[in-house]
Amino acid sequence: MSIPSQKVSSSNKLIYQRLKQAIDLNLRRQIFIAACDDLCLRDCLAARLQTELGSESAGSPIDYPRFVSLELDLSDPNPWGSIAAWLTQHPPPQNRGSYSPLPGFQILGAEHLTRHSAAVQWSFLSYLRDIEAHLQMCESTLLLWVSRPWLSSIEQSAPEFWHWRTGVFEFEGEPTPAKGDFGHFEDFDNSGNLGNLRDKGDSGDKLLISSLSEQSPTPHKQFPIPDSQFPIPDSKSVELADLVLAAASSEELEAENNAESEDNFLPLQALQYIELLQEHQCCCEALALAYHSLGNYYRDRILGGDASEQNLTIAIRAIEQVIAYLELDANSQQNPPLTEECALLISELTQNLTQYAQQSYSLPPISDLLNDLGTFYWMLSRDRTQHNASDPVSCLERSIALYLEGLNRTDAETVPQTRVRLNKNLGIASADLARYRDKTENLQQAVAAYQQALLDLDPALEPQQYAAAQNNLATAYWNLAQDGEPIAYLKSAIAAYAQALSCYSPEREPLNYAGVQNNLGTACWNLAQHEPSEPLLVRAIEAYREALKYRTRELVPAAAAATYNNLGTAYWHLAKFQQKQARTESLQQAITAYEAALDIAGKLDRTQLTFDALAARNNLGLAHYQLATDADFGVNKAAQTSHLEAALHHQLQVCAAEWGQHLKDKGLTYGDKLNLQAPANSQAADSRQTALSYIVKTIRAFYSECGLPGQNLALSKVPGDLLPEILRRL
């Protein structure tokens, strides 16, 4: 990265030195924000950082970058994704000693987001709000270069990222004029693929769009009003207007001290157009276009991660009005003649509020509108905030009905992508409804929907969509297998997972590829429980090991821990089919995998884990016990005693952790343990009795394998409060 020529003022030199020194400390989780409006100056400073910090890694015995510059991908402005992609291409060296495993990263290019749609800008802030989910990538340093308007937007609309900041460095300089660098609202290819909504965050503050022009156009109000009586707006349009006004009012109160309050203007502007169009009795298609522009505004917000109940409800009501006016237009025998006033209103509407200035009456097909509407209802069903009064079941039922209606509205001229989108979303909504009622029926509907989607997908042209649909189909089969016909459904799941893997590239999508490999391993292991088979378990182990090549503890620690746990269980079951040396090796592999899972889990919060860490520790103890008591292993008494000690250690930890959690839930302390009379049928009491039975079994093995000295050694490791109960059982 060459250093551009640029004269740097003394004050900026001082700020630069402070920034460089802060980065040079190389502390964990440093989050810096550098604000600079002068792009030439910014490029000069960023290049100098790259050169000076990069060259200082020469003294390290490991040839690995210390500081990396990355350009923000403006089509998907996810800084965490850019870092993850770089780390996948440049994995940290294994033998790095005491050196930091990850380099520092500076992210450039955020200032160009003003040339993109509001949805892209919101998605950038949504990614920043997700910082806590990506802190593993911030072990060293992250430096984000932004302009001053973006600095203000981040503080207001990404408070989670702002909270984690280590420091902000503001450089002096005049804004650099950039040709065409003006923001605009943009529709997502008419309906767009609302399936992508499901990959975004479901919460967030509003974005104050700084790219709106200072003088936003307003509806021209000096039209003569017809003498005829005006049509009275229906109750739904009145309800929608009330919702928009309430939302704008609450946001205005939040931003009353912020100069950039134009964000609330567009929906109010749309309401003014709608009112004038109704007063002048304009055609239904014009009203549909106005409501569509209003719906797109809130749709962009939702795509940006602000999927609040309020935004979803307004978007739903707006799209329902679009569909209602289009239906009215289709059913009417004759539209009123287009007056000069209506023509002027429509012209202003298409220029100011929509992206259809050259095609005044361009609206998405009804099937795409029904897909959008169904997806909004689906998102509403997943809103778990305390203020959401919506019933998830009724929302899912409405979503499914809309997807089915959308499919009924397709014909030979409908583009295949529309049918694919509707069928995939129908499958997702049906699988969600299966969690609440009629599990088998709804899962079978999901399977049928995914199969229909796959008929319209060409794996050669759309490998990612094809793989995602196969993965969803396999998961539906796996869920069906839990209730009936497990063998047939699990075989179908394995076949679908294999098809998904044939289209996922580990180089392009390493985490998706690893996730499907993990799912394939679990399906094979599950089938082996119904059809005991050594080859199935070997295939499961191969899948888990392939997944762990990309599910690394550095990139996705929680997922890596879960796969290590699955790998340990697969090896433990494989040992049952084997004899002598092979059996011993499988049990040792199980121990290694369980230890890796628990090592990673110990560095994470319990809420991040997708498996039971105590169950994994119990299984680790059982693997040690089985290895110690195996007849072919008894020749080595020292190793046998070591494995028995390890088994007892883990079993005691499980017993203490389970009972300690029970005491915590009851609001008691450790000293209350002896006086606690837990109900005989309580889950905690049952778990404790199971743990104690394993402990007693291991102590008996000490006696059986090592005699009375072995038993005494085991009893010396048992806490005093457990000894009376252990001795009674012995």
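1. Details of the sheet that holds strand β2 (residues 67-71)
Okay, so step 1: Spatial strand order, β2-β3-β4-β1-β5: 5 strands in an open sheet with parallel pairing. Of all strands in the sheet, those bounded by a partner on one side alone are β2 and β5 (167-170). Strand-to-strand twist in this sheet, taken as the mean axis angle between neighbours without regard to direction, amounts to 20°.

2. Here's the deal with helix α5 (residues 148-157)
Okay, so step 1: For α5, every residue scored as buried is listed here: W150, L151, S153, I154 and S157. Down the axis, α5 shows its buried residues gathered within 165° of arc, on one side only.
Okay, so step 2: The elements touched by buried residues of α5 are β1 (30-35), α4 (118-129), β4 (141-146), α6 (159-163) and β5.

3. Points about the pairing of β4
Each regular strand carries side chains that alternate between the two faces of the sheet.
Okay, so step 1: Counting buried residues in β4 gives 6 out of 6 residues, a clear majority hidden from the surface.
Okay, so step 2: Relative to β4, β1 runs parallel, the two being bridged by 6 bridges. Bridge pairing in β4 places Q30 opposite T141.
Okay, so step 3: Relative to β4, strand β3 (residues 104-108) is paired through 3 bridges, and the arrangement is parallel. Opposite I107, over in β4, you have L144 as the bridge partner.

4. Quick word on the nonpolar core
Okay, so step 1: Within the largest apolar cluster, 68 residues are counted, with the highest numbers of intra-cluster contacts made by L473, Y497, L520, L567, W572 and F611.
Okay, so step 2: Grouped together as the second largest cluster of nonpolar side chains are 56 residues, V244, A315, A318 and L370 included.

5. Regarding the pattern of salt bridges
Opposite charge on two side chains allows them to pair when their charged atoms are near.
Okay, so step 1: In total, this model carries 20 salt bridges according to the counting rule given.
Okay, so step 2: Here D372 and R299 are joined by a salt bridge, their closest N and O atoms 3.3 Å apart. Of the two residues, D372 is situated in helix α12 (residues 366-381) and R299 in helix α9 (residues 284-303); the sequence distance between them amounts to 73 residues. Accessibility classification places D372 together with R299 in one group, the buried group.

6. Thoughts on the environment of A248
Okay, so step 1: By the element assignment, A248 lies in helix α7 (residues 235-254).
Okay, so step 2: The spacing of A248 and P267 is 19 residues in sequence and 8.1 Å in space, taken between C-alpha atoms.

7. Describing the packing of aromatic side chains
Okay, so step 1: A complete count under the given rule lists 10 aromatic pairs for this structure.
Okay, so step 2: Both rings, one in F124 and one in W150, keep their centres 5.5 Å apart while their planes meet at 85°; by these two values the pair is edge-to-face. Here F124 is found in helix α4, whereas its partner W150 is found in helix α5, with 26 residues between them in sequence.
Okay, so step 3: What makes F124 buried here is its relative accessible area of 0%.
Okay, so step 4: Pairing Y513 with Y550 gives two aromatic rings, centres 5.5 Å apart and planes at 90°, and the pair type is edge-to-face. Of this pair, Y513 sits in helix α18 (residues 510-530) while Y550 sits in the loop between α19 (534-548) and α20 (557-574), and the two are 37 residues apart along the sequence.
Okay, so step 5: Note on Y513: relative accessible area 10%, which makes it buried.

Parameters and conventions
- Residues numbered from 1 in each chain as written.
- Predicted model: local features only at pLDDT ≥ 70, side-chain atom pairs only at ≥ 80, totals over all residues.
- Heavy atoms only, no water.
- Pairing = 2+ DSSP bridges.
- Helix = DSSP H or I, 4+ residues; strand = E, 2+ residues; numbered from the N terminus.
- Axes fitted to C-alpha atoms, helices over the stretch in contact; angles between N-to-C directions.
- Buried < 20%, exposed > 50% of the residue type's maximum accessible area, 1.4 Å probe, protein only.
- Arc of directions from axis to C-beta.
- Contact = heavy atoms within 4.5 Å.
- Core = buried A, V, L, I, M, F, W, Y, C linked by side-chain atoms within 4.5 Å.
- Salt bridge = Lys/Arg side-chain N within 4 Å of Asp/Glu carboxyl O.
- Phe/Tyr/Trp six-rings, centres within 6.5 Å; stacked < 30°, edge-to-face > 60°.

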